[in-house]
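Structural characterization, general
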Amino acid sequence: MIKDRTAIAGIGQTAFGKQLPESELELACSAILNALDDAGIDRCEVDGLASYTQESNSEVELARNLGLGDITYFGQVGYGGGAGPGVIGHLAMAVATGQCRVGVAWRSRKRASGAVRRPWSKTSSSLQEELAVNYTRPFGVLRPVDEIALLAHRYMHEFGATRDHFANIALAQRKYANNNPDAQMFDKIMSREDYMTSRWISRPLCLFDNCLETDGALAAVIVSAEHARDCKQPPVFIHAWAQGFHGQHQTMQNFFCDDPLRGPSWATARQLYRQSDIQAPDIDVAQIYDAFTPLVPLSLEGYGFCARGEGAAFTENGNLELGGKLPVNTAGGGLSEAYVHGFNLITEGVRQMRGTARNQVRDATTCLVTAGEGVPTGAMILRR
Amino acid sequence: MTDNALLPLIDDTNEPFWRGCREGVLRLQQCPVSKRLIFPPRPINPWSPRDKAVWTTVSGRGSIWSVIAPHAPLLLDFTLLAPYNAIVVVLEEDPTIRLIGNLVPEVGAPINAISYDDIAIGTPVQIVFERINEYITLPRWIARPQQE
């Protein structure tokens, strides 16, 4: 078992913003160097690299630019926002099995500069590579937000969720971001009225149900537990991790399956908790993938913080805020800190376990980090 | 109205579905062993991978499972119609089979003719077919009376 055998020894990031001058490669390199500095590990020790399949920088490019030596493990995880914890987990396995000693995971993106192709924004042959889009795009279900809005409206209908519930999520995270100078929304206060009166993107979802557009990069350094104890920062152990998707799952168009509101989180959670001493009631703080607000209640249900259909009600009474039942996305998340395919959820999980988060959950010793619901996904449990 | 690039790509696997649309019937794959319906079409029958799926014609009756109203920014052709409705329909024969479409008041009406506010989840619907060009006919949906 992988339990506690590896740790995240360093984290690094660039600024988050729009129209950053650096290229995706420069951003990636700077985040990685920052993570190595944070760990106190020299770059010549790096021998493992893991990233997202949607990453535009290859391992070779990175290694050549950063002047790395021999690389003995490299791998990628697919499905965009479903990848994050899987990328870390692959390195944890590689380190635990001796395929590499110092693994670096990263994600770099210039989403806010229009440099990255949005599959729905222009015509492209790759659009047609996926089987299911033949049966959605011709009818105007074009963007991820349209696909999630279809699930969200059904969720509202079936379980009595309301826009107020989605607002609870957006507002809780904005409040965290307002205390996080690195967050893109640091100085932008949001009220419930702002939420309710914002423009529709795909009704029933409005502007503030959607994540940000961000330029930026992040990285993390994964080493063995023993090695981590000798590093600069207190080790944050990878206690458990898992990936998963259910039978007949259809990435993003997950209405083409038996039970669309029981998404990949459920399969992932089962595997995650099976190998974990830490179960849902033991988790002090969570970083839950939030490209869209409805993914949060769906994930709260999948990862066992409440029963099916109760995820929306779980957001009531400030439960997601500091002092609440389960503080969620404590740096602001994809909605209000930065949207870098969820990698900022990983780094915030590490800060919470170090006790250095801006919105520190007092005495937190366990943190769940998830990847995107609605796509083949992953999750991990970090502990101090 | 539909941007050419967003029209479905017809291939060997899905051709009977799109031919069905041209002929005015909803044709789906079915597992010959379990009789379970399969959608979207695929080359291998997931319910019994060594038994080739057969094509069968279904009623085209169902009910609305969900509805949205996309607003701009969208591709130009859709921006011109936005906000329009998009619905998920569950089929009468098998409520785990869902199709995406648009609710229209009659065949050929634009997809923004019925507003989101006037569409209720659960509404019974019937498939209709709108010819787009020589090759492509798209399914659309019209409301049908609750009891027939």
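Higher on the page you've got the structure.
A short tour of the structure in this document, coming up. Every value quoted in this text rests on a predicted model; they were computed, and no experiment measured them. (Residues numbered from 1 in each chain as written. Chains lettered and ligands numbered in written order. Predicted model: local features only at pLDDT ≥ 70, side-chain atom pairs only at ≥ 80, totals over all residues.)

All names here are of chain A. The contact between helix 1 (residues 24-39) and helix 2 (residues 59-66) brings their axes to 10 Å, and the two run at 65°. The handedness of the crossing between helix 1 and helix 2 comes out as right-handed. For the pair helix 1 and helix 2, the contacting residues are Leu-25, Ala-28, Cys-29 and Ile-32 in the first and Glu-61, Leu-62, Asn-65 and Leu-66 in the second. When grouped by side-chain class, the residues that make up the contact of helix 1 with helix 2 number six nonpolar, one polar and one charged. (Axes fitted to C-alpha atoms, helices over the stretch in contact; angles between N-to-C directions. Helix = DSSP H or I, 4+ residues; strand = E, 2+ residues; numbered from the N terminus. Left-handed = near helix turned anticlockwise from the far one by under 90°. Contact = placed C-beta atoms within 7 Å. Nonpolar A, V, L, I, M, F, W, Y, C, P; charged D, E, K, R; others polar.)

Quick look at unusual backbone geometry now. Cis peptide bonds are those with omega within 30 degrees of zero, and the linkage from Ala-72 of chain B to Pro-73 of chain B qualifies with 5°. Its place among the elements puts Pro-73 of chain B in the loop between strand 4 (61-70) and helix 2 (76-79). In the segment running from Ala-82 of chain B into Pro-83 of chain B, the intervening peptide bond is cis, with an omega of -5°. Turning to its location among the elements, Pro-83 of chain B is positioned in the loop between helix 2 and strand 5 (86-91). A positive phi is found at His-341 of chain A, a non-glycine position, where the angle reads about 55°. Tracing the backbone through its elements, the reader meets His-341 of chain A in the loop between helix 11 (333-336) and helix 12 (343-354).

All right, on to helix 1 (residues 15-23) of chain B then. All names here are of chain B. Those residues of helix 1 lying buried are Phe-17, Trp-18, Gly-20 and Cys-21. Axial view of helix 1: buried residues confined to an arc of 150°, hence all on one face. In helix 1, the exposed residues that point more than 90 degrees away from the buried face are Glu-15 and Glu-23. Buried residues belonging to helix 1 abut strand 1 (26-30), strand 7 (124-131) and strand 8 (137-143). Gly-24 sits one or two positions beyond helix 1 and adopts a positive phi of about 85°. (Buried ≥ 20, exposed ≤ 12 C-beta atoms within 10 Å, placed from the backbone. Arc of directions from axis to C-beta.)

The terminal C-alpha atoms of helix 4 (residues 144-159) of chain A lie 22 Å apart, and with 16 residues this matches the ideal 22 Å at 1.5 Å per residue to within 8%. Most of helix 4 of chain A is tucked away: 12 of the 16 residues are buried. Taken together, the buried positions of helix 4 of chain A are occupied by Pro-144, Val-145, Asp-146, Glu-147, Ile-148, Ala-149, Leu-150, Leu-151, Ala-152, His-153, Arg-154 and Tyr-155 of chain A. Close packing links the buried residues of helix 4 of chain A with strand 5 (200-203), strand 6 (205-206) and helix 9 (295-302) of chain A together with strand 4 and strand 5 of chain B. Looking one or two residues beyond helix 4 of chain A, the residue adopting positive phi is Gly-160 of chain A, at roughly 75°. (Expected span 1.5 Å × (residues − 1).)

Fair warning: the whole summary comes from geometry, so function is off the table for now.
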